[in-house]
Amino acid sequence: MPKRWIERLLFAETCALCGEPLGSSSVVCDRCLLSIHPQPEEDLLSIPYLDGYRAFTAYGESERKILELVKFQGFKHLAREIGKLVSSHLREYEKHLKPDAVTFIPTNPFRYWFLRGFDPVEEILKETSVNFERIIGRRWLFRKPLARVKSFRERQKLVKDAFYIKRGKIPRVSGGKILVVDDVLTTGSTASEIARLLKSAGAVEVYLFAVFRPH
Ligand SMILES: [Zn+2]
């Protein structure tokens, strides 16, 4: 367990983002959390296999830092805070689409789940009142981390065959409209691979709700 993580958890007195005293909140102050404003955007990128998407806000500096605290330092409660922020936006998109099922793109089981013990996107979803289910599984593939690769094509190669439909879930997908939730939309390569997979399992339409998008 990284030392920094433990130190932060036990001794954090100042906000990891702005350095101001924390008061009652932990790691990130309320002011920094509330600085994440909705800047919704949809369907600007054309992503193969995906019928449409909506993103909650731009992936700026504070957003990136907050997500790093969640993903690499294991601050689960911050994922819940993000969930509170996006909740009404996700619900609105769900109401508009009327999907047959809502699911999420699972985190890499080795790099994230095993080291961290939770799935950030699942934690975000738990804080929304949206009914979701685990439909997609992710394989343990030892490949270069996606974050280091910038182009759509290169990323597309890295995510190829990384995902599968969980046992018994094909009937939930077949003939349906599926809404997939993810934390960051970068080039759309992962979303595209997920949409391709769901459509190969019989989904008719696939949409994405991303918390963050490139700005
Ligand atoms: Zn702060």
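Residues numbered from 1 in each chain as written. Predicted model: local features only at pLDDT ≥ 70, side-chain atom pairs only at ≥ 80, totals over all residues.

Draft legend 1. Representation of the packing of helix H7 (residues 152–159) against helix H9 (residues 189–200) in the model. Between H7 and H9, whose axes approach to 8 Å, the crossing angle comes to 50°. Here H9 runs oblique to H7, going by the angle between their axes. In this structure, H7 meets H9 at a crossing whose hand is right-handed. Contacts between H7 and H9 involve Phe152, Arg155, Gln156 and Val159 on the former and, on the latter, Ser189, Thr190, Ser192 and Glu193. (Axes fitted to C-alpha atoms, helices over the stretch in contact; angles between N-to-C directions. Helix = DSSP H or I, 4+ residues; strand = E, 2+ residues; numbered from the N terminus. Parallel < 35°, antiparallel > 145°, perpendicular 65-115°, else oblique. Left-handed = near helix turned anticlockwise from the far one by under 90°. Contact = placed C-beta atoms within 7 Å.)

Draft legend 2. Expanded view of H9. End to end, H9 covers 16 Å across 12 residues, agreeing with the expected 16 Å (1.5 Å per residue, within 8%). For H9, every residue scored as buried is listed here: Ser189, Thr190, Ala191, Ser192, Glu193, Ile194, Ala195, Leu197 and Leu198. Looking one or two places after H9, you find Gly202, whose phi comes out positive at around 105°. (Expected span 1.5 Å × (residues − 1). Buried ≥ 20, exposed ≤ 12 C-beta atoms within 10 Å, placed from the backbone.)

Draft legend 3. Focus on the environment of Glu92. Mapped onto the elements, Glu92 comes out in helix H4 (residues 76–97). Sequence spacing of Glu92 and Pro109 is 17 residues, and the spatial spacing of their C-alpha atoms is 30 Å.

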